[in-house]
Amino acid sequence: MRAYKSLFVTIRSNTKGLYYIDLLKTFEKYIDLDLSAKKIAKLKNDFDQIENIDIIEKNYLKNDLDVYKCNEGFNDVEKLKNYIYALPVVTNEMIKLLERKEYERVHDFADAVHNFPEFLVTDFWSAGEYYKIYIKPYNEKWKDTFLCELESRNKIKAFLSKFIHSS
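Residues numbered from 1 in each chain as written. Predicted model: local features only at pLDDT ≥ 70, side-chain atom pairs only at ≥ 80, totals over all residues. Heavy atoms only, no water.

A. The overall build of the protein chain, seen in detail. Along its length, the protein chain carries 10 helices and zero strands. Going residue by residue from the N terminus, the α and β elements of the protein chain occur as α-α-α-α-α-α-α-α-α-α. Of all 167 residues assigned to the protein chain, the portion counted as buried reaches 45%. Counting contacts in the protein chain only where the partners sit at least 6 residues apart, residues at least 24 apart contribute 62% of the total. (Helix = DSSP H or I, 4+ residues; strand = E, 2+ residues; numbered from the N terminus. Buried < 20%, exposed > 50% of the residue type's maximum accessible area, 1.4 Å probe, protein only. Contact = heavy atoms within 4.5 Å.)

As structure tokens, then:
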């Protein structure tokens with residue numbers, strides 16, 4: 001997830017990287033809940049197959065993948081399971097924006113989603129908070145409804161929690 005976050009931050013800082021689509025498609029092949037050391041090695045190897053990738057950025061992403069191997073695990077596996085579906089959605093949207101060369105929107109989108117991987121594996125934000133802080137401003141600027149279900153899922157969860165605890 002750290003490497004995914006780093007990729008979004010990199011895209012945000014230089015929206016016109018010619019190899020970002022290839023990097024995103026490479027990451028997309030490995031999105032799941034079981035990113036073993038073997039899969040990480042394959043992903044790192046796949047980076048080497050991407051043409052014209054900046055060597056500094058490639059090493060930066062590889063180093064972030066090495067950090068992933070050191071992590072013991074995630075605190076909230078249920079949160080990860082509930083929202084991992086959105087990571088390929090985010091990735092595909094970024095690819096579409098890059099293909100259309102909508103660079104201002106790519107920047108804004110990368111700004112809105114750069115912390116999404118961290119949201120998945122930490123307790124820093126609830127889905128509603130993440131939506132309000134990052135996604136809602138993007139949607140308001142671009143008149144979009146991207147990931148609105150984060151907010152509605154969070155409201156349903158909060159409502160059900162109150163109902164269950166009051167009985």
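B. Geometry of the pattern of salt bridges. Inspection of the entire model under this criterion finds 10 salt bridges. A salt bridge links Lys62 to Asp48; the nearest nitrogen and oxygen atoms lie 2.9 Å apart. A residue pair is termed long-range when its members are at least 10 positions apart, and Lys62 in helix α4 (residues 55–70) and Asp48 in the loop between α3 (37–47) and α4 qualify at 14 residues. For Lys62, a relative accessible area of 15% corresponds to the buried category. Here Lys141 makes a salt bridge to Asp108, at a shortest N to O gap of 2.7 Å. Of this pair, Lys141 sits in helix α9 (residues 127–142) while Asp108 sits in helix α7 (residues 103–113); the two residues are 33 residues apart in sequence, bridging distant segments of the chain. Look at Lys141 and you get partly exposed, because its relative accessible area is 45%. Overall, the relative accessible area of 17% leaves Asp108 in the buried class. Look at the salt bridges and you will find they share partners, linking Asp48, Lys58 and Lys62 into a network. (Salt bridge = Lys/Arg side-chain N within 4 Å of Asp/Glu carboxyl O.)

C. Main features of unusual backbone geometry. The phi dihedral of Lys101 falls on the positive side, at around 60°, and the residue is not glycine. In this fold, Lys101 is placed in the loop between α6 (86–99) and α7. Although it is not a glycine, Leu147 adopts a positive phi angle of roughly 55°.

D. Focus on the environment of Asn82. The residue Asn82 is located in helix α5 (residues 77–83) in this model. Sequence spacing of Asn82 and Leu120 is 38 residues, and the spatial spacing of their C-alpha atoms is 9.0 Å.

E. Spatial organisation of the side chain of Glu57. Relative to the helices and strands, Glu57 is located in helix α4. No salt bridge forms around the buried Glu57; measuring N to O, its nearest opposite-charge neighbour Lys58 is 11 Å away. A polar side-chain atom of Glu57 sits 2.6 Å from a polar atom in the side chain of Tyr19. Leave out the neighbours within four places in its chain, and Glu57 touches Thr10, Tyr19 and Tyr20. (Lys, Arg positive; Asp, Glu negative; His and termini not counted. Polar contact = N/O pair within 3.5 Å; in protein donor to acceptor, adjacent residues only side chain to side chain.)

F. Representation of the nonpolar core. Of all hydrophobic cores here, the largest spans 49 residues; its most connected members are Leu23, Phe27, Met94, Val113, Phe116 and Leu120. For this core, the element with the highest residue contribution is α6, accounting for seven residues. When sequence neighbours within four positions are dropped, the list of residues in contact with Met94 reads Phe8, Ile11, Leu24, Val106, Phe109, Ala110 and Val113. (Core = buried A, V, L, I, M, F, W, Y, C linked by side-chain atoms within 4.5 Å.)

G. Structural detail: helix α1 (residues 2–13). Counted at 1.5 Å a residue, the expected span for α1 with its 12 residues is 16 Å, and the 16 Å between its end C-alpha atoms agrees. All buried positions along α1 are accounted for by Ala3, Tyr4, Ser6, Leu7, Phe8, Thr10 and Ile11. (Expected span 1.5 Å × (residues − 1).)

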